[in-house]
Amino acid sequence: MDRELALNLVRVTEAAALECARHMGRGDKIIADQSAVNGMRKMFDTINIDGVVVIGEGEMDEAPMLYIGERIGKAQKGCPKVDIAVDPLDGTTAVAKGLPNAISVVAIAPRGCLLHAPDMYMNKIAVGPKAAGRIHLDAPVEENLKAVADALNKSISDLTVTLLDRPRHKELIEKIRKAGARIKLFGDGDVAAAIATCFEHSGVDILMGIGGAPEGVIAAAALKCMGGEFQGKLVPMDEAELERCYKMGITDVNKVLTMEDLAKGNEIFFAATGVSDGELLKGVVYYQNNMAKTHSMVTRAETGTVRFIESIHKLDKKPDYAK
Ligand SMILES: O=P(O)(O)OC[C@H]1O[C@](O)(COP(=O)(O)O)[C@@H](O)[C@@H]1O
């Protein structure tokens, strides 16, 4: 895949962020999400790829756009055939309430390389490059914390574990506290939290806990690009969810899914744009004269280069496809 695709992916997440950030604090997460989808979908149509959505807004009958299986992109002759994983707005509630950490994200890989993860929960663990290769999702919490602390040349008491603030994490939180690590809970957006582990200045060292499985695939793609490590295990809650795993070809739900299972190979691209302020990305700011500023990152696995891009948008001058 042409490396120029990276910049086009930023255009896609910027378009989604610019649309949905308008709905910050307006209390309606559905409209915020729809706006992100509209912005993202339109921009995808300008990009020369033959894409299939593998992680999207739901099944075809649940979502009008960016549904699983939808073909997107301009698809001109000779263009790359790719799998696309999107979360036009990770943090719908955060935007509706005006809270931090919401981002728009997209990951792309050659056809067949991204896991078609069912829409259910996934138990996750993620670390940055220095601690990659030292964790195992099935290992006891204390063992993982010790391994990460050793890799980072810190004591466990100086480690910060980040996890979603959910009642289901009560036991996990107790174990982390018992081991002596610090905890940073967040309300929503575990893709951004997983990415944050790859940057020392973010102040978080390890992500743990249960979040969405689709978000897990996107986070795995991102961490693969940045040299971190992500592992996940599906958490089907009932027979119906178990059946969905089987239907999607996941026969052993107890298997720890590695980055290679979730995002295969080295031709992976990932882009994200901040919607509301987070540890790494600033949220959208709207200026006078119908201008706006976005803050994005883009990376690809082949080189591992991470670019942070600040863009000033003159919204009056946007072409029709970007309106
Ligand atoms: O809110 P739940 O059910 O605990 O699910 C956790 C998931 O929700 C999120 O926080 C936000 O997802 P949405 O934007 O789809 O609401 C994800 O980042 C996370 O994986």
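The structure displayed is predicted, hence computed values, not measured ones. (Residues numbered from 1 in each chain as written. Predicted model: local features only at pLDDT ≥ 70, side-chain atom pairs only at ≥ 80, totals over all residues. Heavy atoms only, no water.)

Remarks on the UniProt feature "binding site: substrate" (unreviewed entry) in the protein chain
In step 1: UniProt annotation of "binding site: substrate" (unreviewed entry) refers to Asp90, Gly91, Thr92, Tyr121, Arg166, Pro167, Arg168, Asp188, Gly189, Asp190 and Gly212 when read in the numbering used here.
In step 2: Inspection of the secondary structure puts Gly91 in the loop between β3 (81–90) and α3 (92–97).
In step 3: For Gly91, a relative accessible area of 6% gives the class buried.
In step 4: Apart from the residues within four sequence positions on either side, Gly91 is in contact with Ala102 and Asp188.
In step 5: Mapped onto the elements, Arg166 comes out in the loop between β6 (160–164) and α5 (170–179). (UniProt positions renumbered as here; feature names shortened; annotations may be inferred. Helix = DSSP H or I, 4+ residues; strand = E, 2+ residues; numbered from the N terminus. Buried < 20%, exposed > 50% of the residue type's maximum accessible area, 1.4 Å probe, protein only. Contact = heavy atoms within 4.5 Å.)

A short note on the nonpolar core
In step 1: One finds Ile195, Leu223, Phe230 and Phe270 to be the most contacted residues of the largest nonpolar core, which totals 53 residues.
In step 2: For this core, the element with the most residues is helix α7 (residues 213–226), which contributes 10 residues.
In step 3: Looking at this core, you find at least three residues from each of domain 1 (5–112 + 268–317) and domain 2 (121–262).
In step 4: Apart from the residues lying within four places of it in its own chain, the contact partners of Phe270 are Val105, Val106, Ala107, Ile195, Ile218, Ala222, Cys225, Met297, Val298 and Thr299.
In step 5: Grouped together as the second largest cluster of nonpolar side chains are 39 residues, Val10, Ile49, Ile72 and Ala292 included. (Core = buried A, V, L, I, M, F, W, Y, C linked by side-chain atoms within 4.5 Å. Domains from an automatic or database assignment.)

A short note on a nonpolar patch on the surface
In step 1: Taken together, the side chains of Val285, Tyr287 and Ile312 present a nonpolar region at the surface, about 240 Å² in accessible area.
In step 2: When its relative accessible area of 37% is taken as the criterion, Val285 is described as partly exposed. (Patch = residues over 30% accessible without salt bridge, like charges linked within 9 Å, V, L, I, M, F, W, Y side chains within 5 Å. Areas by Shrake-Rupley, 256 points an atom, 1.4 Å probe, with all protein chains shown as cover. Salt bridge = Lys/Arg side-chain N within 4 Å of Asp/Glu carboxyl O.)

A look at the pairing of strand β8 (residues 206–212)
In step 1: With 7 of 7 residues buried, β8 lies mostly within the body of the structure.
In step 2: Sheet topology note: the strand β5 (residues 121–127)/β8 ladder contains 7 bridges and is antiparallel. Residue Asn123 lies in a different strand from β8, and its bridge partner there is Ile210.
In step 3: Sheet topology note: the β6/β8 ladder contains 2 bridges and is parallel. Each residue of the ladder has a partner; that of Val161, found in β8, is Ile206. (Pairing = 2+ DSSP bridges.)

Regarding the environment of Lys282
In step 1: Counting through the fold element by element, Lys282 comes out in the loop between β10 (269–274) and β11 (285–287).
In step 2: Of the residues examined, Lys282 reaches a relative accessible area of 53% and is grouped as exposed.
In step 3: The sequence separation of Lys282 and Ala102 amounts to 180 residues, and the corresponding C-alpha distance is 9.6 Å.
In step 4: When near neighbours in sequence (up to four residues on either side) are disregarded, Lys282 contacts Gly274, Ser276, Asp277 and His295.

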